Amino acid sequence: MHETAHSFILDNAYWIALLPLISSAIILFFTRWREPLSAGISITAIVLGWVASIWVMIEVLINSHGGHFQYIERAFDIVSFETMHLQLGFVIDPVAAMMLIVVTTVSSCVQIYSLGYMHGDPRFSRYYAYLSLFTFSMLGLVLANNFFLIFIFWELVGLTSYLLIGFWFEKKSASDAGKKAFITTKVGDLGFLLGLMLMFAWIGTFDYDEVFAAVKSGQIETWKLTTIGICIFCGAVGKSAQFPLHVWLPDAMEGPTPVSALIHAATMVAAGVYLVAKAMPLYTASTTAAAVVAYIGLFTSFFAASIALVQNDIKRVLAFSTLSQLGYMIMALGLNGILSEHVEPGTGYAAGTFHLMTHAFFKALLFLGAGSVIHAVHTNDIQLMGGLYGKMKKTASTFFIACLAIAGIFPFAGFFSKDEIIVATMGHPVFQTVASLVAFMTAFYMFRLYFLTFTGEPRDEEKYHHAHESPNSMTYPLMFLAVLAFGAGWFGAPGVKGFSNYIFEYGGHAHTPSAHWSVIIISTVLALCGIGLAYLMYYKKSISPDTVVEKVKPIYTLLYNKYYIDELYDFILIQPTYRLGRFLWSFDANVVDGLVNLQATITYWLSDVKHWIDKNIVDGTVNGFGLFCDAASGAFRKMQSGRLAHYLLAVVFGMILIILLASSNLLNWTLAKVGL
Amino acid sequence: MADTVFVILAILIVSSALAVVTLRNIFHCALMLILCLFCVAGLYILMYAEFLAVVQVLLYVGAVAILMIFAIMLTSRLAGREIQLSNEQTFIGGFLATVFVFGLGYLYYKDIEAGQFARVSLKIPGAENSLSIGKLLMTEYVLPFEVVSILLLAALIGAIILARKEGN
Amino acid sequence: MSDPTMSQLLNAEMLRYLWLAAALFGIGLFGILTRRNAIAILMSLELMFNAVNINLVAFNRFTSPSTFAGQIFAIFVVVIAAAEATVGLAIVILIYRNWRSIDADRVNLLKW
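Not measured: the values here are computed from a predicted model.

(A) Just the overall build of chain A, in detail. Within chain A, the secondary structure is distributed over 28 helices and two strands. Here chain A holds 676 residues, and the buried ones make up 49% of them. The contacts in chain A between residues at least 6 apart in sequence include a share of 80% that link residues at least 24 apart.

(B) Quick look at the overall build of chain C. The secondary structure content of chain C amounts to three helices and zero strands. In chain C, the succession of α and β elements from N to C terminus is α-α-α. With 112 residues in all, chain C has 56% of them scored as buried. Taking the intrachain contacts of chain C between residues at least 6 apart in sequence as the baseline, contacts between residues at least 24 apart amount to 51%.

(C) View of the interface of chain C and chain B. Taken together, the contacts link 63 residues of chain C with 73 residues of chain B. Contributions of two or more residues to the side of chain C that touches chain B are made by helix 1 (4-34), helix 2 (38-63) and helix 3 (69-99) of chain C. Take the side of chain C that touches chain B: its biggest share by element is 21 residues, from helix 3 of chain C. Classifying every residue of the side of chain C that touches chain B gives 43 nonpolar, 14 polar and six charged.

(D) Spotlight on the nonpolar core. Among the nonpolar cores identified, the biggest contains 206 residues, and A:V276, A:V293, A:A364, A:L365, A:A402 and A:A485 are the most heavily contacted of them. The dominant element in this core, judged by the number of residues it contributes, is helix 16 (residues 347-377) of chain A, at 18 residues. When sequence neighbours within four positions are dropped, the list of residues in contact with A:L365 reads A:T398, A:A402, A:L478, A:L481, A:A482 and A:A485. Among the nonpolar cores identified, the runner-up in size contains 82 residues, and B:I13, B:A65, B:V101 and C:V92 belong to it.

(E) Main features of the packing of helix 16 of chain A against helix 18 (residues 413-424) of chain A. Residue and element names in this part refer to chain A. At a minimum axis distance of 8 Å, the contact between helix 16 and helix 18 shows a crossing angle of 155 degrees. One element, helix 16, and the other, helix 18, form an angle in the roughly antiparallel class. Crossing of helix 16 over helix 18 shows left-handed handedness. Taken together, the residues of helix 18 that come into contact with helix 16 (itself represented by T347, G348, A350, A351, F354, H355, T358, F361 and F362) are A413, G414, S417, K418, E420, I421, V423 and A424.

(F) How the structure looks around unusual backbone geometry. Residue and element names in this part refer to chain A. In this structure, P244 follows F243 across a cis peptide bond, with omega equal to 5 degrees. Within the element layout of this structure, P244 appears in the loop between helix 9 (222-239) and helix 10 (248-251). Positive phi is not limited to glycine here, since A241 has a value of about 55 degrees. Mapped onto the elements, A241 comes out in the loop between helix 9 and helix 10.

(G) Broad picture of helix 8 (residues 208-217) of chain A. All names here are of chain A. Within the span of helix 8, buried status applies to Y208, V211, A214 and V215. Each buried residue of helix 8 lies within a common arc of 140 degrees when the element is viewed along its axis, so the set occupies one face. In this structure, the buried residues of helix 8 make contact with strand 2 (85-92), helix 7 (172-202), helix 9, helix 12 (268-278) and helix 13 (280-285). Just downstream of helix 8 lies G218, where phi reads positive at about 75 degrees.

(H) Representation of the packing of helix 7 of chain A against helix 9 of chain A in the model. Residues and elements named next belong to chain A. Orientation of helix 7 relative to helix 9, taken along the N-to-C sense of each, is 155 degrees, at an axis distance of 7 Å. Comparing their axes, helix 9 and helix 7 come out roughly antiparallel. Every pair of crossing elements has a handedness; the one defined by helix 7 and helix 9 is left-handed. Of the residues in helix 9, those touching helix 7 at T184, T185, V187, G188, D189, G191, F192, L194, G195, L198, M199 and W202 are K224, T227, I228, C231, I232, C234, G235, V237, G238 and K239. Here the contact of helix 7 with helix 9 is built from residues that sort into 11 nonpolar, eight polar and three charged.

(I) Representation of the environment of A:A332 in the model. All names here are of chain A. Tracing the sequence through the fold places A332 in helix 15 (residues 314-336). As for A332 and A351, which are separated by 19 residues in sequence, their C-alpha atoms are 6.3 Å apart. Excluding its chain neighbours within four sequence positions, the residues that come into contact with A332 are G348, A351, G352, H355, I421 and A424.

(J) Structural view of the interface of chain B and chain A. Counting residues at the interface gives 10 residues for chain B, matched by nine residues for chain A. Partitioned by chemical class, the residues of the side of chain B that touches chain A number six nonpolar, three polar and one charged.

(K) Looking closely at helix 6 (residues 142-163) of chain B. Taking 1.5 Å of rise per residue, the 22 residues of helix 6 of chain B would be expected to cover 32 Å, and the 31 Å separating its terminal C-alpha atoms lies within 8% of that figure. In terms of burial, helix 6 of chain B is largely open, as just two of its 22 residues are buried.

The rules behind these values
- Residues numbered from 1 in each chain as written.
- Chains lettered and ligands numbered in written order.
- Predicted model: local features only at pLDDT ≥ 70, side-chain atom pairs only at ≥ 80, totals over all residues.
- Helix = DSSP H or I, 4+ residues; strand = E, 2+ residues; numbered from the N terminus.
- Buried ≥ 20, exposed ≤ 12 C-beta atoms within 10 Å, placed from the backbone.
- Contact = placed C-beta atoms within 7 Å.
- Nonpolar A, V, L, I, M, F, W, Y, C, P; charged D, E, K, R; others polar.
- Core = buried A, V, L, I, M, F, W, Y, C linked by C-beta atoms within 7 Å.
- Axes fitted to C-alpha atoms, helices over the stretch in contact; angles between N-to-C directions.
- Parallel < 35°, antiparallel > 145°, perpendicular 65-115°, else oblique.
- Left-handed = near helix turned anticlockwise from the far one by under 90°.
- Arc of directions from axis to C-beta.
- Expected span 1.5 Å × (residues − 1).

By themselves these figures say nothing about function.
The following block contains the structure:
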């Protein structure tokens, strides 16, 4: 346990997580019927948490002596056996402090934004209660001090995600999407759980420090670490929607858009990245596991970006963009575990966590902007939009900033973090090539989205006519996030000291980003090419998109249908499951039920036999006794005349009998016989 | 003298008792019962049980017999009218009663011959009869005395409840 | 122990009473067996009580004259007889009210 710094806020940082929990409970139990009050409580709690998070970050920076921050850990045992101590506690390390800020910032913006977006919803208060509950879970996940605790919060965020995706559960697609998200992520969680079990079996503890100390000591065989690492990564694959468990995230867009921004863009899906970052010593110890991570990330980033090129649903484009960007981060983290002489150790880690932060800001901004657009035109289809810039200047300009940020244009946030990632791929030509290609594709599809939505002629006059700028409660969060999307990258810019050196450091290597001019030039050129292509195709219309589509029709169809992954899963998993279910049902209906019915028939027949025996033999006997008694009593009943005189006569007979007995000494003889 | 008195009393008792069980008029029966009870009281005096004799006269003649007459007058619409008093068991009843009496007599004989009864000198109790009985009732026999008192009380209440007209 | 003649004399005197009591009891017995009128049955019962009392006093007088146990028991019997007569007559009146008759042969409630 490291304890170097003491301060009020670091000692009590867990209140950042507890505040939303309390507000959620208050809303659910007390203020459900007073909607403005509910929203006020929730927003107050999260803004307090935001302020506290900034304070925590300042304390962390102050205590970062010589570029290396000692972890702050406060914990107590909840389960304690001789060989096992299960702790409930929190730990603050630089990446946790960073995540605290990300989560509370995005959460605050989303909650304020939702004031306008969810206005008039019949379950307004419940929405805020769920949001608060999610924020609690996510902050708990960030602060957790061991793998077991992180798993608990991991499942909690899964639950709240399910609740919020299916928030409009009247819509079948929404409740289906909720179930799909829940079940798909559970597949990954199973791996996570397995990894935890193996960890406990082989290492004997869940605590971060103890696990990593054991890993560093080299006493654990590498194949075990590989197994554990891959298993834990399965959880990250599910939560961060990496291939092949990515299918839930596009469907999760059925939830309210602010929810998509908070959970399915900025925070929860980042939990997988965060988990891999936290477990990084495992991956540096096992190159195989790290390679698996890196390749999955690489494949997902390319795969999702290619789908995003052709989608027409504004939120789905953003969803696939999220997949792609998360793949980027995962890839960077994986590369951190593969040593390369071209880059400093720790670069991949720094790149992944740095991009996690910047991406959270600009992706939240993109989603909230999309929400603002949807709020205005009541459709998700970008083919029905167009020319909205004139009507929604604030939304459009903030969206434009976000697009520049994600495309990686200097000096926006994405520029720095994306370059960092591409730097991390140096020495791995495949990775570098594909990552650069993805950067190009990202720029293209983001500006395709921008041009189709905000510029040109309105393609649906009626929707355009009704469009209007969103209320201030929605636009102010957009502007705030736009500032971050513009400026957040500077914290990690080459040559800027004081922040990134400490926050993104890994394994004692103070992170010192340096400018690789070749990377900068190549990525900027590629991004500009992407933007330019989008400009020509969708703004100038000098290249007709339809012509391009005609030329690559098969690929277009493949991409448009998302590589038919959903259909493939339907064919190889869901339909067989249904068929198995139907088979088992028919087995049950025919064989099992048949046996039961056969037994019933036999029982029925047997009972007929028994009925006959009962009726004729048993009842006959009983009735025979009855008739006999009836006949006998018919004779004896005459004695019971009811007349006093007859009874007295009988008494006197008895008395005389006694006298006779006494006088003949028979009484004495009898009494002597019976012992009296 | 005592023998003469005993014989007279015995004849009176037996004849009046027979009248009680045979007369056709229930009212006459009651009068015969009173005569019989008086004679029994005489017998008690003959046996030096003066207190008991007084009790006999007070309780039996003064209370029970009068109560009987009241009951007769309440139940027979015409007190003097002759109704059928006996049932068909006259002969067997008479036979059994006779057998019973002679059976008892035989047992007495047998027991006296066998020396069952302790012989004591015939001490004539004096005037202390009532005094001694009173003392004994309040000392040695106080528990049965109290129990009998409660029995009387219960009988009193029971009789009132039984004989009470409904609704009163 | 007194002399045998005295003893025999006493036995003979006691036997007189016992015979009388037996006769009275037999008459009472005959009465309750043959009478139909409930009040007449009660009267016969009184005769039997008296027979018993005569027996009690006679045994007291001729076997243990120094004690009064027999007499005291006779007193209890008298008292109990009075109680019995009271309740019995009340029952008779009740029966009369319900049946308009006190014919014991018609009252066959004991059958049930």
